[in-house]
Amino acid sequence: MITFDAALQAVMRQARRQPIGRVSLGESVGCVLSRDIQADRNLPPFHRSTMDGYAMRATDLQQTRTTLMVQGTIRPGVASRARLKAGHCMKIMTGAPLPPGADAVVMVEASGPAGKGRVHLQGPVEKWENVARQGEDIRKGRVVLRRGTVIDAAVNGLLATVGAVSVPVYRPPRVAVLITGEEVVPPGATPRPSEIRDSNSAIIASRLKELPVTLDLLGTSPDNPRALKWLIQQGLKREIVLISGGISMGDYDYVPEVLKKLRARIIVHRVAIKPGRPFLFARGPKGQYVFGLPGNPVSVLVCMEEFVIPALRKILGYEACVPKVWRAILTAPYSKPADRMHFALARLWWRQERLYATPVVSHGSGDLVSATRANGVILVPRRERKLAKGGLVRAHFFGGRGLSSALQKTS
Ligand code: AMP
Ligand code: MG
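Worth saying up front: this structure is predicted, and the values here are computed from it rather than measured. (Residues numbered from 1 in each chain as written. Chains lettered and ligands numbered in written order. Predicted model: local features only at pLDDT ≥ 70, side-chain atom pairs only at ≥ 80, totals over all residues. Heavy atoms only, no water.)

1. Quick word on the sheet that holds strand β17 (residues 240-244)
Right, so step 1: With mixed pairing, 6 strands are arranged side by side in an open sheet as β16-β13-β17-β21-β20-β18. This sheet does not close on itself; its edge strands, each paired only once, are β16 (214-221) and β18 (265-269). With direction set aside, neighbouring strand axes in the sheet form an average angle of 20°.
Right, so step 2: Bridge count between β18 and strand β20 (residues 280-283): 4 bridges; the pairing is antiparallel. Paired with H269 across the strands is L280, a residue of β20.
Right, so step 3: Across the sheet, helix α1 (residues 4-14) lies against β18, β20 and β21 (289-293), angled at about 145° from β18, the strand it touches most.
Right, so step 4: Across the sheet, helix α4 (residues 225-235) touches β13 (174-180), β16 and β17, and the angle it forms with β16 is around 175°. (Pairing = 2+ DSSP bridges. Helix = DSSP H or I, 4+ residues; strand = E, 2+ residues; numbered from the N terminus. Axes fitted to C-alpha atoms, helices over the stretch in contact; angles between N-to-C directions. Contact = heavy atoms within 4.5 Å.)

Structure (structure tokens):
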């Protein structure tokens, strides 16, 4: 059985960036830019007032107070063609272009009526005060976003600003999810006493929400090779196939043999980890990525986090793919045999700039109840037998629920 590090390395070595393509602005969130993006115009595109007030010449207000004639009003969206006359100002709104000749704005709070179309302005004012100058953020034609940038809210907004509505990205892949097991029924069904509801589709779909992949839930296959073969063939029409269950050593675990029949190349099968020992990774005949996840829900949770999401990130073009590991203080002892690496479900919490890890008491990899109390895992090395209370351990947060570390309750 190979180690976790070797298994992860094997998966990540196979994972290649998707071909490039274009998606709409709205679909591009979470994708990675496959080309540099240039500014199609200066930003700001014109000398823009950042205040409601009066556009004027700074030289007209070098003392503390002056009175100027008001030449007119400029509203946002309308460029004034008239040049600012000497000894004049123009009323201007935030976001409106300065009239030719003006080089500063005195805000309305520093003004007062002076009668006969005139206004008092209070100084001093500096040249370009309350003005965002044309091209000061970026000049037309310059690279404003680099290839490799992950598209988040700010990036998406900037793409909109430069009119990049068809966004060059590494194309988001399609992901097929298929469930195996005679005993598994849909969440909406009333199970017979020996049946269980499918939790794994929900876990997988939830976890993939943060990535811009297209998800096809292909349903459940009974544990027989023919039915399974048919369903996996449907899955292989996508770039990525996630299979839940049927990969262990049981009599009805047909997934590995069916994959071989379909000329898939099995690259990883069985890893020295807990949970997740049966984990399988294969490449389909057309290079499809096939992940076999053990049927137990907690194993699915962990294998998604440790293998599937990092691989998907790499496929999407991300540079940072694996969870960030922290040092945490263990609040209770933890012991295990020295045979496998453990991903011990844990509650990770900050107090006074220190991170603490409290192992969650669990009945095993079928215990989704206890898993809901965890927001991450402690990484317990394979050879380790005992972790002492108060000692430093390595741990990482679950993604998706990373919110629990980024937010706090309102007081
Ligand atoms: P398997 O990997 O197929 O041997 O399944 C391992 C365990 O996970 C068994 O107890 C299954 O009943 C359970 N299991 C399999 N698939 C699911 C599923 N989709 N949702 C919940 N539990 C499952
Ligand atoms: Mg099964």
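2. Quick word on the layout of surface pockets
Right, so step 1: Size it by volume and the largest pocket reaches roughly 700 Å³.
Right, so step 2: P275, N296, S299, G364 and S365 are the residues nearest the centre of the largest pocket, which is lined by 41 residues in total.
Right, so step 3: Elements represented by at least two residues in the lining of the largest pocket include exactly β13, β15 (196-197), β19 (273-274), α6 (297-316) and β24 (341-351).
Right, so step 4: A class-by-class count of the residues in the lining of the largest pocket yields 17 nonpolar, 16 polar and 8 charged. (1 Å grid on protein atoms, 1.4 Å probe; cavity = no way out; pocket = protein on both sides within 12 Å on 5 of 7 lines; lining within 4 Å. Points joined across faces, edges and corners; volume = space filled by probe spheres on them. Nonpolar A, V, L, I, M, F, W, Y, C, P; charged D, E, K, R; others polar.)

3. Focus: the sheet that holds strand β6 (residues 88-92)
Remark on secondary structure: sheet strands pair via backbone hydrogen bonds, oriented parallel or antiparallel.
Right, so step 1: Pairing within the open sheet is mixed, and its 6 strands lie in the order β7-β4-β6-β5-β9-β8. If you trace the sheet from one side to the other, it starts and ends with β7 (104-107) and β8 (111-115), each paired once. On average, each strand axis in the sheet is tilted by 40° relative to the strand beside it, whichever way the strands run.
Right, so step 2: Pairing geometry for strand β5 (residues 65-74) and β6, over 4 bridges, is parallel. Note on β6: the bridge partner recorded for M69 is H88.

4. A few points about the site of ligand 1
Right, so step 1: Contacts to ligand 1 come from 17 residues, most closely from E183, D198, S199, G246 and G295.
Right, so step 2: A distance of 2.9 Å separates an oxygen atom of ligand 1 from a polar backbone atom of G295.
Right, so step 3: A total of 480 Å² of accessible area belongs to ligand 1 in isolation, and the protein chains cover 77% of it.
Right, so step 4: A majority-of-atoms criterion places ligand 1 in the largest pocket.
Right, so step 5: Where the shell around ligand 1 is concerned, the elements lending two or more residues are β13 and β15.
Right, so step 6: Each residue belonging to the shell around ligand 1 can be placed in one class, and the counts come to 4 nonpolar, 9 polar and 4 charged. (Near = heavy atom within 4 Å. Polar contact = N/O pair within 3.5 Å; in protein donor to acceptor, adjacent residues only side chain to side chain. Areas by Shrake-Rupley, 256 points an atom, 1.4 Å probe, with all protein chains shown as cover. Sits in = over half its atoms within 2 Å of the grid points.)

5. Description of the pairing of β13
Right, so step 1: Along β13, 6 of the 7 residues are buried, which leaves the element largely enclosed by surrounding structure.
Right, so step 2: For β13 and β16, the ladder comprises 6 bridges, and the chain directions are parallel. By the bridge assignment for β16, V177 is matched with L217. (Buried < 20%, exposed > 50% of the residue type's maximum accessible area, 1.4 Å probe, protein only.)

6. Some words on the packing of helix α3 (residues 200-208) against α6
Right, so step 1: At a minimum axis distance of 10 Å, the contact between α3 and α6 shows a crossing angle of 30°. Like other packed secondary-structure pairs, α3 and α6 cross with a definite hand, here right-handed. Judged by residue contacts, N200, I203, I204, R207 and L208 of α3 engage P297, V300, L301, M304, E305, I309 and L312 from α6.
Right, so step 2: Within the contact of α3 with α6, the residues separate by chemical class into 9 nonpolar, 1 polar and 2 charged. (Left-handed = near helix turned anticlockwise from the far one by under 90°.)

7. Looking at the nonpolar core
Right, so step 1: Counting 52 residues, the largest nonpolar core has L208, L242, F279, F291, L293, M304 and F307 as its most contacted members.
Right, so step 2: Taken together, the elements giving at least two residues each to this core come down to α1, β13, α3, β17, β21, α6, β24 and β26 (376-380).
Right, so step 3: The element contributing the most residues to this core is α6, with 13 residues.
Right, so step 4: For L208, the residues in contact, after removing those within four places along its chain, are V175, V213, L215, L242, M304, I309 and L312. (Core = buried A, V, L, I, M, F, W, Y, C linked by side-chain atoms within 4.5 Å.)

8. Structural notes on the packing of aromatic side chains
Right, so step 1: Tallied over the full model, the rule gives 7 aromatic pairs.
Right, so step 2: With 5.1 Å between their ring centres and 80° between their planes, F4 and F343 make a pair best called edge-to-face. Residue F4 is located in helix α1, and its partner F343 is located in strand β24; the two are separated by 339 residues in the primary sequence.
Right, so step 3: Exposure remark for F4: the relative accessible area of 8% places this residue in the buried category.
Right, so step 4: Ring centres of F281 and F291 lie 5.1 Å apart, and the angle between their planes is 45°; this geometry places the pair in the tilted category. With a gap of 10 residues between them, F281 in strand β20 and F291 in strand β21 connect regions that are remote in the sequence.
Right, so step 5: A relative accessible area of 0% means that F281 is categorised as buried.
Right, so step 6: Residue classification places F291 among the buried residues on the basis of a relative accessible area of 1%. (Phe/Tyr/Trp six-rings, centres within 6.5 Å; stacked < 30°, edge-to-face > 60°.)

Read these as layout, nothing more, since geometry by itself doesn't imply function.
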